[in-house]
Amino acid sequence: MNKLPLYISILALIASCAAFFLSFSKSELVYVDINKLVEGYERTKLEREVFAEKANTMKANVDSLMGNWQTELKAYEKERLSMTKKELDLKQKLLQSKQQQINNYQQAIQKQIQEEDQKMTQTVLNDINGFVTDYGKENGYKIILGAKGDGNIMYAQDASDLTQTILDKLNDEYQGK
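Once a new chain begins, its residue numbering starts again from 1 and follows that chain's sequence as written. Thresholds applied to this predicted model are a pLDDT of at least 70 for local features of residues and 80 or more for the giving and counting of side-chain atom pairs; totals over whole chains, interfaces and linings are not thresholded and use all residues. Just so you know, side-chain values use all the structure's heavy atoms and leave hydrogens and water out.

(A) Spotlight on the packing of aromatic side chains. Only Phe, Tyr and Trp rings are paired, with Trp represented by its six-membered ring, and only when their centres lie within 6.5 Å; those with planes under 30 degrees apart are stacked, over 60 edge-to-face, the remainder tilted. Under the criterion given, the structure shown has three aromatic pairs. Look at Tyr41 and Tyr174: their rings are 5.6 Å apart centre to centre, the planes differ by 70°, and that puts the pair in the edge-to-face class. Within this pair, whereas Tyr41 is found in the loop between helix 2 (34–40) and helix 3 (42–79), its partner Tyr174 is found in helix 5 (residues 163–174), the two being separated by 133 residues in sequence. Note on Tyr41: relative accessible area 2%, which makes it buried. Accessible area is worked out with a 1.4 Å probe on protein chains only. A residue is then buried under 20% of its type maximum, exposed over 50%, and partly exposed in between. By relative accessible area, Tyr174 is classed as partly exposed at 34%. Taking 6.4 Å as the distance between ring centres and 20° as the angle between the ring planes, the aromatic pair formed by Phe131 and Tyr135 counts as stacked. With a gap of four residues between them, Phe131 and Tyr135 both fall in helix 4 (residues 85–138), about one helical turn apart. A run of H or I in DSSP becomes a helix once it reaches four residues, and a run of E becomes a strand once it reaches two; helices and strands are each numbered from the N terminus.

Shown next as structure tokens:
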């Protein structure tokens, strides 16, 4: 009968040691490299292709308008000697007005391109952040840090870097695997 408390004590000691080592077998502090996730994510590549196509179309429209304006300017330069003072003034005002409209349009297009780029980037980041949150919850992580490769995390053991694991699973989910 005296041996029962001893066995219970040994069993409790073994159980507490096992719990202690199991609780530290998975690092509580892990991180992902945000830049690698964004660059390696398949959706980023697709979104950038779509964005580049839109941006090129918008820039081509501006280039076309500029080309037309330059053609008109050259025609004006050739014809101006044969124009009256009133015709010269009118043509100059017309060319200036068109140039101003093109400049305004170009600025609007540049602003729209910047907004589209920000929207595309934010969509990708929201996707990644949502996935990392779900991954962390499903796998029992208390915290997953995000590093941007610029010194946020000065040192970490390789085992603490979840970047490739998350990137693989993120791309699998995106591709519907």
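Text resumes after the structure shown.
(B) Highlighting helix 5. Here helix 5 contains 12 residues, and its C-alpha end-to-end distance of 16 Å stays within 8% of the 16 Å for a straight helix at 1.5 Å per residue. Listed as buried for helix 5 are Thr163, Ile166, Leu167, Leu170 and Asn171. One side of helix 5 carries all its buried residues, which in axial view fall inside an arc of 130°. Here a residue-residue contact requires only that any non-hydrogen atoms of the pair lie within 4.5 Å. Next to the buried residues of helix 5 lie strand 1 (29–33), helix 2, helix 3 and helix 4. Immediately beyond the C-terminal end of helix 5, within one or two residues, lies Gly176, with a positive phi of roughly 80°. One fewer than the residue count of a helix, multiplied by 1.5 Å, yields its expected span. The arc in question is formed by the directions pointing from the helix axis toward the C-beta atoms.

(C) Up close: the nonpolar core. Remark: nonpolar core denotes a set of buried residues (Ala, Val, Leu, Ile, Met, Phe, Trp, Tyr, Cys) joined through side-chain atoms within 4.5 Å. Counting residues in each nonpolar core, the largest one holds 17 residues, and the members touching the most others are Val32, Leu37, Tyr41, Ile128, Tyr135, Leu162 and Ile166. When residues of this core are traced back to their parent elements, those giving at least two are strand 1, helix 2, helix 4 and helix 5. Residue contributions to this core peak at six residues, all from helix 4. Other than its neighbours up to four places away in sequence, Ile128 contacts Leu37, Val38, Tyr41 and Leu170. Within the second largest apolar cluster, six residues are counted, among which are Met58, Val62, Ile109 and Ile113.

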